[in-house]
Amino acid sequence: QRVLSLSTSSRSDRVSYQSRSAISEFASHPLDTGTPSVQIAALTVRIDSLSSHCAINRKDHHNRRGLVRLVTRRRKLMEYLRKKDFDQYAEVVKRLGLKALK
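Right, let's walk through the structure included here. (Residues numbered from 1 in each chain as written. Predicted model: local features only at pLDDT ≥ 70, side-chain atom pairs only at ≥ 80, totals over all residues. Heavy atoms only, no water.)

## Looking at the nonpolar core
Formed by 20 residues in total, the largest nonpolar core has its most connected members in Ile-40 and Met-78. Considering every element that reaches this core, the biggest residue donor is helix H2 (residues 36-56), with eight residues. (Core = buried A, V, L, I, M, F, W, Y, C linked by side-chain atoms within 4.5 Å. Buried < 20%, exposed > 50% of the residue type's maximum accessible area, 1.4 Å probe, protein only. Helix = DSSP H or I, 4+ residues; strand = E, 2+ residues; numbered from the N terminus.)

Structure follows, in structure tokens:
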């Protein structure tokens with residue numbers, strides 16, 4: 001019998017769990033997956049996972065390109081959120097520990 005815990009799970013299971021917890025933390029209602037703050041939180045989890053993978057596997061250029069695309073998508077969402085609702089943008093940056101945009 002396999003013990004279900006994050007330490008014995010696969011990398012994709014851990015990322016999936018972290019993504020779900022980030023979504024539930026930033027969601028304004030139970031089915032909220034589309035607001036910019038939720039999308040930024042979910043992208044941040046994927047970016048953290050891919051950046052650690054790229055640090056270990058230096059020659060994996062395909063995943064590095066995907067990482068750059070995710071970072072660009074998060075940056076665009078952050079720019080949009082900063083324009084539309086600066087208070088929520090500041091809260092997301094603070095809670096996720098991200099650098100503020102220039």
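## Side note on the packing of aromatic side chains
The final tally for this structure, using the stated rule, is one aromatic pair. Taken together, a centroid distance of 5.6 Å and an interplanar angle of 45 degrees make the contact between Phe-86 and Tyr-89 tilted. Placement of the pair is Phe-86 and Tyr-89 together in helix H4 (residues 86-96), with a separation of three residues, close to one helical turn. Taking relative accessible area as the criterion, Tyr-89 reaches 4% and is therefore assigned buried. Positioned above the aromatic ring of Phe-26, the side-chain terminus of Arg-95 is 4.2 Å from the ring centre. (Phe/Tyr/Trp six-rings, centres within 6.5 Å; stacked < 30°, edge-to-face > 60°. Lys NZ or Arg CZ within 6 Å of the ring centre and 35° of its normal.)

## Observations concerning the pattern of salt bridges
For the coordinates displayed, the defined rule picks out three salt bridges. Of the charged contacts in the structure, one is a salt bridge between Arg-95 and Glu-25, with a shortest N-O distance of 3.2 Å. Of this pair, Arg-95 sits in helix H4 while Glu-25 sits in helix H1 (residues 11-26), and the two are 70 residues apart along the sequence. Judged by relative accessible area, which is 46%, Glu-25 ranks as partly exposed. Across the pair Arg-75 and Glu-79 runs a salt bridge whose closest N-O atoms are separated by 3.2 Å. Of this pair, Arg-75 and Glu-79 both sit in helix H3 (residues 61-84), four residues apart, which is roughly one turn of the helix. (Salt bridge = Lys/Arg side-chain N within 4 Å of Asp/Glu carboxyl O.)

## Details of the packing of H2 against H4
At a closest axis distance of 10 Å, the pairing of H2 and H4 adopts a crossing angle of 20 degrees. Looking at the two axes, H2 sits roughly parallel to H4. Taken as a pair, H2 and H4 cross one another with a handedness that is right-handed. Contact with H2, carried on its side by Ser-37, Ile-40, Ala-41 and Thr-44, involves Gln-88, Val-92 and Leu-96 of H4 and no other residues of that element. (Axes fitted to C-alpha atoms, helices over the stretch in contact; angles between N-to-C directions. Parallel < 35°, antiparallel > 145°, perpendicular 65-115°, else oblique. Left-handed = near helix turned anticlockwise from the far one by under 90°. Contact = heavy atoms within 4.5 Å.)

Shape is all these values report; function is a separate question.
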